[in-house]
Number of protein chains: 2
Amino acid sequence: MKNYFSSDFRLGVLGGGQLGRMLLTETQKYDVFTVMLDPSKHAPCSEICNEFHCGDLMDYETVYQFGKSVDLLTIEIEHVNIEALKQLEKEGLKVYPQPSVLEIIQNKARQKQFYIENNIPTAPFQVFKIVEDLKSIEFPFVWKSAKFGYDGNGVKMIRHQKDLIGLPDGECIAEELIPFKNELAVIVARNENGEVSTYPVVEMEFHPVANQVEYVICPARIPEAVAQKARQTAMNVAEAYGHIGLLAVEMFQTENDEILINEVAPRTHNSGHYSIEASYTSQFEQHLRAILNLPLGKTESKVAGVMVNLVGAEGYSGVVRYENIEKIMEIEGVTPHIYGKKETRPFRKMGHVTIVNENMEEARRIAELVKKTIVVKSN
Amino acid sequence: MKNYFSSDFRLGVLGGGQLGRMLLTETQKYDVFTVMLDPSKHAPCSEICNEFHCGDLMDYETVYQFGKSVDLLTIEIEHVNIEALKQLEKEGLKVYPQPSVLEIIQNKARQKQFYIENNIPTAPFQVFKIVEDLKSIEFPFVWKSAKFGYDGNGVKMIRHQKDLIGLPDGECIAEELIPFKNELAVIVARNENGEVSTYPVVEMEFHPVANQVEYVICPARIPEAVAQKARQTAMNVAEAYGHIGLLAVEMFQTENDEILINEVAPRTHNSGHYSIEASYTSQFEQHLRAILNLPLGKTESKVAGVMVNLVGAEGYSGVVRYENIEKIMEIEGVTPHIYGKKETRPFRKMGHVTIVNENMEEARRIAELVKKTIVVKSN
């Protein structure tokens, strides 16, 4: 067993955003020396990691040289240069999650194909190269760019031919629209020893009108049999990938209580933020345990948790100001997390708020109050 | 309401040790820019605070100049230059806890006198200036140096005249030895608005032979009426001081279930470390809320907590190695905290381990297993 604690071991992280920032809480707790690479010199982690490097995550040479300076390499964002990671791995560096897994996940067409090959249920889809060809298939469907989609970018609901106007050419998938009861997610952790653990199922509750995720709720308000199926499916996905680290598996619960894989993120995930306050082991600690091949922590919750994202209000750009943050801090069990971005703009993810309570319905009620109260504005 | 979050507000902290390090988790969560001063350039906080200054905490000019560079000043160690703090306060800087409170607490004779003046029950004592004079009083008693005692330093049980040999001259107190059932502690938080909250009572369980604190247990295994009296007494102490920030109040539960104040620490405290995992609000977050005049958080626990200190094993000095840390991490609900000190020496506080569980007896049982398993050695 390598001794990581207070040693000269160097953990490298590609990306230094909010996910990296919450990971730093854990590397600091264990005194694991952490080196980060991010294209922005004002990245949320720049001042508080042990050693910060500024550089392009998609540049082969930058990623390769960064990798040569560390003892183990992980990511907090999956849009990184895979070729550099493959070369580093070939030269003996441990890269978790593995480059081969990242390569599949980076490309949504390849990722969907992987589920077909591994008998993992997913919505039917077709792959296309140019927008023109999409006119031939039946409406409605969901268009997804094969690469670089995140937070709803690169995804569009296509109901009519006119919805195709303005879509960029390039590899994409057209996915059949499956009616579903719930969007669910399960975070799976897997270490080198092959130890696997799943977090409880969370539910993404959508705004009835805006069709945006408003609340992430743990545990999901679904029957136990459905929850078990979702956890088992997520575990099957992680085993199929042979993935080391954290894997966030997003799923649909269909009208017939089938579980279909939507997509995965090979890292800590927004759907697991509740775990910092609610779980015995936060997802960030679990990621660290997984990549360092330490025993995985207990994934169950101490209390119910609901998470609300803090995004920049429409109409405000510039130096951020959190209006009414002291009001929500008056409420028991409410914890704001501020990501350290100095400037807001509409819909930018600036932080999140976790609400924990022994009673789920109470947590959900408070979450609504929180959402109505705090506003991310600019000065 | 001043907006502290992601703003140009600068929080200054005197001291950059492990308490500061755990506070940084909270300032990072809220994105409060944190500047720290510590005499050691390798202090646990040096690499991870936003801005680090190296300098002598007892030097007037160093502390004064540091204070001029920040918007609010707090401490993580109470042995700091009080005159500089008084001058800064006079010039309009908020210094929490207040210099006048620190001045009383820094001197144990003055502190004991304060309890007498405020009708707060404490063990009878006499003040002396030279060791020679101690020969005149009845044995046994507890000798305490008036200044700079911590972690058992500056405290000695005097049973015979020979125990006086080697004691340094200087102001000290001789305290009557009161038989007690338990050593208890309560952490109180108080903000500028006068809002006050107390944490549940914790119990310090001693090793039956070595007479050292082995476990800090929350909640204390005492009758509810005693717990209420302890919390009320701690609140009375905080109100008497008019203290802003956190105050850790150490108490004796006598054979007759009276509560006597032992001493206080005007800051986050070892007896509150369990709160990181067990409480709705960790003591470090609560300190931040208190000094920034934010609403105080909920102090109750989600689960039972037991804390074990990790101190350097006898016979080992040098580069630290945490033997069997992976073994204790296999146990559910066990979280090690490593303070970031690269070198161990006998009895040096290197970290702590928190054990949380829904069941207190189970947490206590695991704590014993943890204590037997992990050993802090050197390479």
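If you check an unreviewed UniProt entry, chain A appears there as N5-carboxyaminoimidazole ribonucleotide synthase from Namhaeicola litoreus. As recorded by UniProt, the Catalytic activity (unreviewed entry) comment attached to chain A reads in full: "5-amino-1-(5-phospho-beta-D-ribosyl)imidazole + hydrogencarbonate + ATP = 5-carboxyamino-1-(5-phospho-D-ribosyl)imidazole + ADP + phosphate + 2 H(+)". According to the UniProt record, the Pathway (unreviewed entry) comment for chain A reads "Purine metabolism; IMP biosynthesis via de novo pathway; 5-amino-1-(5-phospho-D-ribosyl)imidazole-4-carboxylate from 5-amino-1-(5-phospho-D-ribosyl)imidazole (N5-CAIR route): step 1/2."

Asks: Just to check I follow, could you spell out the relation of the copies chain B and chain A for this structure?
Replies: Both copies of the chain are related by one operation, a rotation about an axis with a shift along it. Of the transformation superimposing chain B on chain A, the axial component is 0.0 Å and the angular component is 180°, with the fit at an RMSD of 0.0 Å. Here the copies are linked by what is in effect a two-fold axis. If distances are taken from each C-alpha of chain B to the rotation axis, the shortest is found for B:Ile48, at 2.2 Å.

Asks: Any chance you could explain the interface of chain B and chain A here in plain terms?
Replies: Taken residue by residue, the interface counts 45 residues in chain B and 45 residues in chain A. When chain B packs against chain A, close to 4100 Å² is buried across both sides, 54% of that on carbon and sulfur atoms. For B:Lys342, the salt bridge is made with A:Asp31, and the minimal N-O distance between the two is 2.7 Å. Counting residues per element, the ones that place at least two in the side of chain B that touches chain A are helix H1 (18-29), helix H8 (283-291), strand E17 (318-323), helix H9 (325-328), strand E18 (334-338) and strand E20 (349-357) of chain B. The dominant element in the side of chain B that touches chain A, judged by the number of residues it contributes, is E18(B), at five residues. Taken together, the residues of the side of chain B that touches chain A break down into 19 nonpolar, 10 polar and 16 charged.

Asks: Help me out: how do you make sense of the UniProt feature "binding site: ATP" (unreviewed entry) in chain A in this one?
Replies: All names here are of chain A. Mapped onto this structure's residue numbering, the UniProt feature "binding site: ATP" (unreviewed entry) falls at Lys108, Lys144, Glu175, Glu176, Leu177, Ile178, Glu183, Asn262 and Glu263. Structurally, the position occupied by Glu175 is in strand E9 (residues 172-176). Setting aside residues up to four positions removed in sequence, Glu175 forms contacts with Lys112, Ala123, Pro124, Phe125, Phe141, Val142, Lys144 and Asn262. Polar contacts involving the side chain of Glu175 include one to the side chain of Lys112, which spans 2.5 Å. Its location among the elements puts Leu177 in the loop between E9 and strand E10 (180-190).

Asks: Hey, could you run me through the sheet that holds strand E7 (residues 141-145) of chain A in this one?
Replies: What holds strands together in a sheet is hydrogen bonding between their backbones, with the strands either parallel or antiparallel. Residues and elements named next belong to chain A. With respect to topology, four strands assemble into an open sheet ordered E6-E9-E7-E8, the strand pairing being antiparallel. Looking along the sheet, the strands with just one partner apiece sit at the ends: strand E6 (125-128) and strand E8 (155-158). Strand-to-strand twist across the sheet, computed as the mean angle between neighbouring axes with direction ignored, equals 25°. With five bridges connecting them, E7 and E9 associate as antiparallel partners.

Asks: Help me out: how do you make sense of the packing of aromatic side chains in this one?
Replies: Aromatic ring pairs: the centre-centre distance and the angle between the two ring planes describe each pair. Residue and element names in this part refer to chain A. Scanning the model with the defined rule gives 18 aromatic pairs over all chains in all. Here the aromatic rings of Tyr60 and Tyr64 are separated by 6.0 Å at their centres, their planes lie at 10°, and the arrangement is stacked. You can see Tyr60 and its partner Tyr64 sitting in helix H2 (residues 60-68), four residues apart, about one turn around the helix. Owing to a relative accessible area of 32%, Tyr60 belongs among the partly exposed residues under this scheme.

How each quantity is defined
- Residues numbered from 1 in each chain as written.
- Chains lettered and ligands numbered in written order.
- Predicted model: local features only at pLDDT ≥ 70, side-chain atom pairs only at ≥ 80, totals over all residues.
- Heavy atoms only, no water.
- UniProt positions renumbered as here; feature names shortened; annotations may be inferred.
- Least-squares fit on C-alpha atoms with pLDDT ≥ 70 in both.
- Contact = heavy atoms within 4.5 Å.
- Buried area = accessible area lost by both parts, 1.4 Å probe.
- Salt bridge = Lys/Arg side-chain N within 4 Å of Asp/Glu carboxyl O.
- Helix = DSSP H or I, 4+ residues; strand = E, 2+ residues; numbered from the N terminus.
- Nonpolar A, V, L, I, M, F, W, Y, C, P; charged D, E, K, R; others polar.
- Polar contact = N/O pair within 3.5 Å; in protein donor to acceptor, adjacent residues only side chain to side chain.
- Pairing = 2+ DSSP bridges.
- Axes fitted to C-alpha atoms, helices over the stretch in contact; angles between N-to-C directions.
- Phe/Tyr/Trp six-rings, centres within 6.5 Å; stacked < 30°, edge-to-face > 60°.
- Buried < 20%, exposed > 50% of the residue type's maximum accessible area, 1.4 Å probe, protein only.

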